[in-house]
Amino acid sequence: MSQPAEVSSQLCLACGLCCDGTLFADVELQPADSAERLGALGQKLRRGKDSAGNSVQKFAQPCPALGPDCRCALYAERPARCREFDCAVLRSVQAGALTPDAALRRIRHARKQRDAVRRALSALGNEEVARPLSQRFQRTKRALEAGDVPDGRTWEEAAEAFGELTLAVSALQFTLSREFYPDS
Ligand code: SF4
């Protein structure tokens, strides 16, 4: 790893957490974005509200343009939010406060924690891989609260599995809050 842009690119190609539904649930379009063009490229846009309650167009994560190798199929035409976003790990590397190797270790650790959450969701019968992790967790929680226990599981087994899921989600959230969100 040598030049800063190259370093960022290599770290992102080892990560993908801001595109795969781990850090964010959706991406809001900005005035500079062409909804028509993004729609033509295959992004499924829907109307929603931004944090101030204004109507915006957005698309859900995990982003369908994210490939298994963490490459973006729309990279040259990606929306402004994606173009402008640098997580706290990248910012620390750019500021010289974190070495690229240390950044890579943080990324690998967070991805392992993400995988643990995915496994815990699967253990409770949630295989909704097209939804962001936060939604999958909430939907699993609501299903259990409604008494919907996964096939082949006793209530006690489901309760234990939910405890493991909650721990895995807390560990991941702790890492993301401390190391990845831009105000970390
Ligand atoms: S979370 Fe950070 S390192 Fe990971 S892909 Fe996004 S910007 Fe790159």
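Computed from a predicted model, the values in this text were never measured in an experiment.

Peer 1: Honestly, the nonpolar core in this entry has me stumped. Any pointers?
Peer 2: Nonpolar side chains tend to gather and get buried jointly when the protein is soluble and globular. Within the largest apolar cluster, 31 residues are counted, with the highest numbers of intra-cluster contacts made by Leu11, Val117, Leu165 and Phe180. Elements with a minimum of two residues in this core: α1 (4–13), α4 (88–94), α5 (100–123), α6 (133–145) and α7 (155–179). Top element by residues in this core is α5. It accounts for 8 residues. Ignoring sequence-local partners within four residues, the contact set of Phe180 consists of Cys15, Leu17, Leu23, Cys87, Ala88, Val89, Arg106, Ile107, Ala110 and Thr175. Of all hydrophobic cores here, the second largest spans 7 residues; its members include Val27, Phe59, Ala65 and Leu74.

Peer 1: Would you mind going over the environment of Ala102 with me for this structure?
Peer 2: Tracing the chain through its elements places Ala102 in helix α5. Along the backbone, Ala102 and Pro62 are 40 residues apart, and their C-alpha atoms lie at a distance of 26 Å.

Peer 1: Please explain the sheet that holds strand β3 (residues 55–60) as it appears in this structure.
Peer 2: The strands making up a sheet associate through hydrogen bonds between their backbones, and the pairing can be parallel or antiparallel. Strand order in this open sheet of 3 strands is β1-β3-β2, and the pairing throughout is antiparallel. Taken across any chain shown, the strands that pair with only one partner, and hence form the sheet edges, are β1 (26–28) and β2 (45–49). Strand-to-strand twist of the sheet, defined as the mean angle between neighbouring strand axes without regard to direction, takes the value 45°. In this structure, β1 lies alongside β3, joined through 3 bridges in antiparallel fashion. Residue pairing across strands places Glu28 opposite Lys58, the latter belonging to β3.

Peer 1: What is the right way to read α5 from this model?
Peer 2: Residues spaced three or four apart along an α-helix face the same direction, because each turn holds 3.6 residues. Compared with the 34 Å implied by 1.5 Å per residue over 24 residues, the 34 Å span of α5 between its first and last C-alpha is a close match. Of all the residues in α5, the buried ones are Ala102, Ala103, Leu104, Ile107, Ala110, Gln113, Arg114, Val117, Ala120 and Leu121. Considering only its buried residues, α5 is in contact with α1, α4, α6 and α7. Where α5 terminates, the next one or two residues include Gly125, which has phi positive at roughly 85°.

Peer 1: Which parts of the structure should I look at to understand a negative patch on the surface?
Peer 2: A grouping of Glu156, Glu157, Glu160 and Glu164 is seen on the molecular surface, where their side chains present a negatively charged patch. Assignment of secondary structure puts Glu164 in helix α7.

What counts, and at which threshold
Residues numbered from 1 in each chain as written. Predicted model: local features only at pLDDT ≥ 70, side-chain atom pairs only at ≥ 80, totals over all residues. Heavy atoms only, no water. Core = buried A, V, L, I, M, F, W, Y, C linked by side-chain atoms within 4.5 Å. Buried < 20%, exposed > 50% of the residue type's maximum accessible area, 1.4 Å probe, protein only. Helix = DSSP H or I, 4+ residues; strand = E, 2+ residues; numbered from the N terminus. Contact = heavy atoms within 4.5 Å. Pairing = 2+ DSSP bridges. Axes fitted to C-alpha atoms, helices over the stretch in contact; angles between N-to-C directions. Expected span 1.5 Å × (residues − 1). Patch = residues over 30% accessible without salt bridge, like charges linked within 9 Å, V, L, I, M, F, W, Y side chains within 5 Å. Areas by Shrake-Rupley, 256 points an atom, 1.4 Å probe, with all protein chains shown as cover. Salt bridge = Lys/Arg side-chain N within 4 Å of Asp/Glu carboxyl O. Lys, Arg positive; Asp, Glu negative; His and termini not counted. Charge placed at Lys NZ, Arg CZ, Asp CG, Glu CD.

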